[in-house]
Amino acid sequence: MSLRTLPLLFLNLGGEMLYILDHRLRAQNIPGDKARKVLNDIISTMFNRKFIEELFKPQELYSKKALRTVYDRLAHASIMRLNQASMDKLYDLMTMAFKYQVLLCPRPKDVLLVTFNHLDAIKGFIQDSPTILHQVDETFRQLTETYGSLSAGEFQLIRQMLLIFFQDLHIRVSIFLKDKVQNSNGRFVLPVSGPVPWGTEVPGLIRMFNHKGEEVRKAEFKHGGSYVAAPKEGSFELYGDRVLKLGTNMYSVNRPVETHMSGASKNAAARTQEYTAPNPLAKEELNLLARLMGGMEIKKPCGPESGFRLNLFTTDEEEEQAALSRPEELSYEVINIQATQDQQRNKELARIMGEFEITDPPSRSASKGDDLLAMMDEL
């Protein structure tokens, strides 16, 4: 088990979230100033210094439900609002994209290059804010400091933790289906071609050595693939050629993206179990989650600027239909935390919960986000 997995999971999923939001903001013709504000506010919250410090502390991974709570909050760090159906779809797209990237990493250490690709792209979203750029660069330096000296074995543990986190998620995504990298059952197709991991040779040759370590014989075999040697290793510096394309923005080409549940009832039951199964460490996880989200400083919308609702579906009708088909068991309920014996913790939780309050903008367009905001206020 690795206690260094959470930062990589959070930053990569956050990068995918920003890709999707940028794509939908452009698709819905949201005015440029509002779109820039949304992305800047989310990035500023995501890379807040206190939040990043809490994130990088050695700790176990959160459950899917707890991590989803963090992204719910992060997505609403600006004037944009999503209802639960759109938030479901957003999270599904985020998780399946990063799962695909982790599966295809040529070597475990390359998950760090995937993270750097996300950070490089995030810096491209930032408009007229050197302060936020500095926040991202500081996170990059912290990544280099934390992961730069890890061994291949430690990266393998991190990759294994990530795959365990994603192992039960088999949601079909239209882009992956069209590119034939995902089967109709939601499982990914691993390629048998392309460059091999840096530092390794193209398969096809067996070498045999004697007891003195001298090579005595060679034998060739057919591997059935079409592999080539890696041209060079990707750069782990602040600026450089990452070589690896995993983690770059797959939505830069404008095409519709849909998610499809493979076997609706079966997947609904699986997700219900995932979100409602009792967690024996729930109290400890809530404490960790409270500390993490306590570092997430949310800037409350101020002034006359009105909010708007973002739809992750093609039409409002599709979004409403998705909301109706959502299992009732997944609806968020109020969680009552009894901590009367620890007054300091009470004050901390009260402060955090106070930050969760977001004043709804006067525009009627934000009404569909009321359910999610109410859920966050009542947590």
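Residues numbered from 1 in each chain as written. Predicted model: local features only at pLDDT ≥ 70, side-chain atom pairs only at ≥ 80, totals over all residues. Heavy atoms only, no water.

With respect to the overall build of the protein
Then, in step 1: Counting secondary structure elements, the protein contains 14 helices and 8 strands.
Then, in step 2: Residue burial in the protein is summarised as follows: out of 379 residues, 48% are buried.
Then, in step 3: At a minimum sequence separation of 6, the contacts of the protein that also span at least 24 residues come to 80%. (Helix = DSSP H or I, 4+ residues; strand = E, 2+ residues; numbered from the N terminus. Buried < 20%, exposed > 50% of the residue type's maximum accessible area, 1.4 Å probe, protein only. Contact = heavy atoms within 4.5 Å.)

Some thoughts on the side chain of H118
Then, in step 1: Tracing the sequence through the fold places H118 in helix α6 (residues 110-125).
Then, in step 2: From its side chain, H118 meets the backbone oxygen of G247 in a polar contact 3.5 Å long.
Then, in step 3: Excluding residues that lie within four positions of it along the chain, H118 makes contacts with N12, G15, E16, Y19, Q101 and G247. (Polar contact = N/O pair within 3.5 Å; in protein donor to acceptor, adjacent residues only side chain to side chain.)

Digging into the confidence of the model for the protein
Then, in step 1: Residue-level pLDDT values for the protein average 80, and 71% of them are 70 or greater.
Then, in step 2: Low confidence marks residues 331-341, where pLDDT is under 50. Its contacts with residues over four positions away, or in another chain, come to 15 contacts.
Then, in step 3: Residue range residues 372-377 is modelled with pLDDT below 50. Its contacts to residues more than four positions away, or to other chains, number 19 contacts. (pLDDT = per-residue confidence, 0-100.)

Focus on the packing of helix α1 (residues 6-27) against α6
Then, in step 1: Closest axis-to-axis distance for the α1/α6 pair is 9 Å, and the angle between their directions is 40 degrees. Relative to α6, α1 is oriented oblique. The way α1 lies across α6 gives a crossing that is left-handed. Residues L8, L11, N12, G15, E16, L18, Y19 and D22 of α1 pack against V111, L112, V114, T115, N117, H118, A121, I122 and F125 of α6.
Then, in step 2: Residues belonging to the contact of α1 with α6 are distributed by class as follows: 10 nonpolar, 5 polar and 2 charged. (Axes fitted to C-alpha atoms, helices over the stretch in contact; angles between N-to-C directions. Parallel < 35°, antiparallel > 145°, perpendicular 65-115°, else oblique. Left-handed = near helix turned anticlockwise from the far one by under 90°. Nonpolar A, V, L, I, M, F, W, Y, C, P; charged D, E, K, R; others polar.)

Looking at the pairing of strand β5 (residues 215-220)
Then, in step 1: Taking burial as the measure, the 6 residues of β5 include 0 buried ones, a minor fraction of the element.
Then, in step 2: Direction of pairing for strand β4 (residues 205-209) relative to β5: antiparallel, over a ladder of 5 bridges. Within the sheet, the bridge partner assigned to F209 lies in β5 and is E215.
Then, in step 3: Adjacent in sequence and paired antiparallel, β4 and β5 are bridged by 5 residues, among which G213 carries a positive phi angle near 85 degrees. (Pairing = 2+ DSSP bridges.)

Here's the deal with the packing of aromatic side chains
Then, in step 1: With the rule as written, the count across this model stands at 11 aromatic pairs.
Then, in step 2: For the ring pair Y19 and F125, a centre distance of 6.2 Å and an interplane angle of 70 degrees mean the geometry is edge-to-face. Placement of Y19 in helix α1 and of F125 in helix α6 is noted, with a sequence separation of 106 residues between them.
Then, in step 3: Relative to F236, the ring of F116 has its centre 6.3 Å away and its plane inclined at 75 degrees; by these criteria the two rings are edge-to-face. Of this pair, F116 sits in helix α6 while F236 sits in the loop between β6 (226-228) and β7 (259-260); the two residues are 120 residues apart in sequence, bridging distant segments of the chain.
Then, in step 4: According to the relative accessible area criterion, F236 is buried, its value standing at 17%. (Phe/Tyr/Trp six-rings, centres within 6.5 Å; stacked < 30°, edge-to-face > 60°.)

Remarks on unusual backbone geometry
Then, in step 1: The backbone phi angle of D128 is positive, close to 55 degrees, even though this residue is not glycine.
Then, in step 2: Residue classification places D128 among the exposed residues on the basis of a relative accessible area of 75%.
Then, in step 3: In the Ramachandran plot, K180 falls in the positive-phi region, its phi being about 60 degrees despite a non-glycine side chain.
Then, in step 4: Along the chain, K180 falls in the loop between α9 (174-178) and β3 (193-195).

Overview of helix α5 (residues 84-104)
Then, in step 1: Over its 21 residues, α5 runs 30 Å from end to end, which matches the ideal 30 Å to within 8%, given 1.5 Å per residue.
Then, in step 2: Judged by how many residues are buried, α5 sits mostly within the fold: 20 of 21 residues are covered.
Then, in step 3: By the N-cap criterion, in which a side-chain oxygen at the helix start approaches the backbone nitrogen of a residue two or three places on, α5 is capped by N83, the distance to A85 being 3.2 Å. (Expected span 1.5 Å × (residues − 1).)

Examining the side chain of S235
Then, in step 1: Among the structural elements, S235 can be located in the loop between β6 and β7.
Then, in step 2: Looking at S235, its side chain comes within polar contact range of the main-chain nitrogen of E237, at 3.2 Å.
Then, in step 3: When residues no more than four places from it in sequence are discounted, the contact partners of S235 are L113, F116, G240, D241 and R242.

As for helix α4 (residues 64-75)
Then, in step 1: Here α4 is 12 residues long and its end C-alpha atoms lie 16 Å apart, about the 16 Å a rise of 1.5 Å per residue gives.
Then, in step 2: Burial runs high along α4: 11 of the 12 residues are buried.
Then, in step 3: For α4, every residue scored as buried is listed here: K64, A66, L67, R68, T69, V70, Y71, D72, R73, L74 and A75.

Considerations on the packing of α1 against α5
Then, in step 1: α5 packs onto α1 with a crossing angle of 120 degrees between their chain directions and a minimal axis gap of 9 Å. The angle between α1 and α5 places the two elements in the oblique class. Helix-helix and strand crossings are classified by hand; for α1 and α5 the assignment is right-handed. Contact residues: L8, L9, N12, L13, E16, M17, I20 and L21 in α1; L90, L93, M94, T95, A97, F98 and Q101 in α5.

Some thoughts on the environment of F47
Then, in step 1: Here F47 is to be found in the loop between α2 (32-46) and α3 (49-55).
Then, in step 2: According to the relative accessible area criterion, F47 is buried, its value standing at 1%.
Then, in step 3: For F47, the residues in contact, after removing those within four places along its chain, are L11, I52, L119, I122, Q135, V136 and T139.

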